Amino acid sequence: MTTKTVDEWTAEQCGFCIMTGLDDKEYFYRPNTTEPPYDFEWTIKDPRCREIVREHFKIDTREYYAGGWQSIAEDIHPPIGKTIAEAEIACIQVIYEASQ
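It should be emphasised that the depicted structure is a prediction, and the values quoted were computed from it without experimental measurement. (Residues numbered from 1 in each chain as written. Predicted model: local features only at pLDDT ≥ 70, side-chain atom pairs only at ≥ 80, totals over all residues. Heavy atoms only, no water.)

(A) Structural context of the pattern of salt bridges. On inspection of all chains with the given rule, the structure shows five salt bridges. Of the charged contacts, one joins lysine 4 and glutamate 12 as a salt bridge, the two residues approaching to 2.4 Å between their closest N and O atoms. On the accessibility criterion, glutamate 12 (46% relative accessible area) is partly exposed. A salt bridge links aspartate 60 to arginine 62, with the shortest nitrogen-to-oxygen separation between them at 2.5 Å. Judged by its relative accessible area of 52%, arginine 62 is exposed. (Salt bridge = Lys/Arg side-chain N within 4 Å of Asp/Glu carboxyl O. Buried < 20%, exposed > 50% of the residue type's maximum accessible area, 1.4 Å probe, protein only.)

Structural data, given as structure tokens:
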């Protein structure tokens, strides 16, 4: 059994069409539009993808009282991030690991 990467898993959870590249290691999201970009690599490090995942899992990111940022989804409270992106990625990673 092959375990999906966090990028593959989040794309699947969000219901997006993933197109595999020629080397079977590149994944692209093809939006329903004729406007550029026609496709882009799906990764939670990309702000566009992370926004979709954030909305899907209802992730809330707030400034942490002791400095930094924390993203919370339901009862999941991952480590504090130095940036918003770092906090969101940590939260997505925790959700992904809990699903495995």
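(B) Structural context of the nonpolar core. Counting 15 residues, the largest nonpolar core has Val53, Phe57, Ile59, Ile92 and Ile95 as the members making the most contacts within it. Those elements giving two or more residues to this core turn out to be helix 1 (6–13), helix 2 (47–57) and helix 3 (84–99). Sorting elements by how many residues they give to this core places helix 3 first, with four residues. Dropping the residues within four chain positions of it, valine 53 is found in contact with Thr10, Cys14, Trp42, Ile59 and Ile92. (Core = buried A, V, L, I, M, F, W, Y, C linked by side-chain atoms within 4.5 Å. Helix = DSSP H or I, 4+ residues; strand = E, 2+ residues; numbered from the N terminus. Contact = heavy atoms within 4.5 Å.)

(C) Molecular detail of the packing of aromatic side chains. All chains considered together, the criterion is met by three aromatic pairs. Look at tyrosine 64 and tyrosine 65: their rings are 4.7 Å apart centre to centre, the planes differ by 40°, and that puts the pair in the tilted class. For tyrosine 65, a relative accessible area of 76% translates into the label exposed. A connected cluster of aromatic rings, assembled from ring pairs, spans Trp9, Phe57 and Tyr96. (Phe/Tyr/Trp six-rings, centres within 6.5 Å; stacked < 30°, edge-to-face > 60°.)

(D) Structural view of the packing of helix 1 against helix 3. Across the interface, helix 1 lies against helix 3 with an axial gap of 10 Å and an inter-helix angle of 85°. By the angle between their axes, helix 1 is roughly perpendicular relative to helix 3. Touching Val6, Trp9 and Thr10 of helix 1 are Ile92, Gln93, Ile95, Tyr96 and Ser99, all from helix 3. Residue composition of the contact of helix 1 with helix 3, grouped by class: five nonpolar, three polar and no charged. (Axes fitted to C-alpha atoms, helices over the stretch in contact; angles between N-to-C directions. Parallel < 35°, antiparallel > 145°, perpendicular 65-115°, else oblique. Nonpolar A, V, L, I, M, F, W, Y, C, P; charged D, E, K, R; others polar.)

(E) Representation of helix 3. Across its 16 residues, helix 3 extends 23 Å between first and last C-alpha, which sits within 8% of the 22 Å expected from 1.5 Å per residue. Taken residue by residue, helix 3 has Ala87, Glu88, Cys91, Ile92, Ile95 and Tyr96 as its buried positions. Lining the buried residues of helix 3 we find helix 1, helix 2, strand 4 (60–63) and strand 5 (69–72). (Expected span 1.5 Å × (residues − 1).)

(F) Main features of the side chain of threonine 10. By the element assignment, threonine 10 lies in helix 1. Assessed through its relative accessible area of 0%, threonine 10 is described here as buried. For threonine 10, the side chain forms a polar contact with the main-chain oxygen of aspartate 7, separated by 3.1 Å. In this view, threonine 10 contacts Trp42, Ile44, Val53 and Ile92; residues no more than four positions away in its chain are not counted. (Polar contact = N/O pair within 3.5 Å; in protein donor to acceptor, adjacent residues only side chain to side chain.)

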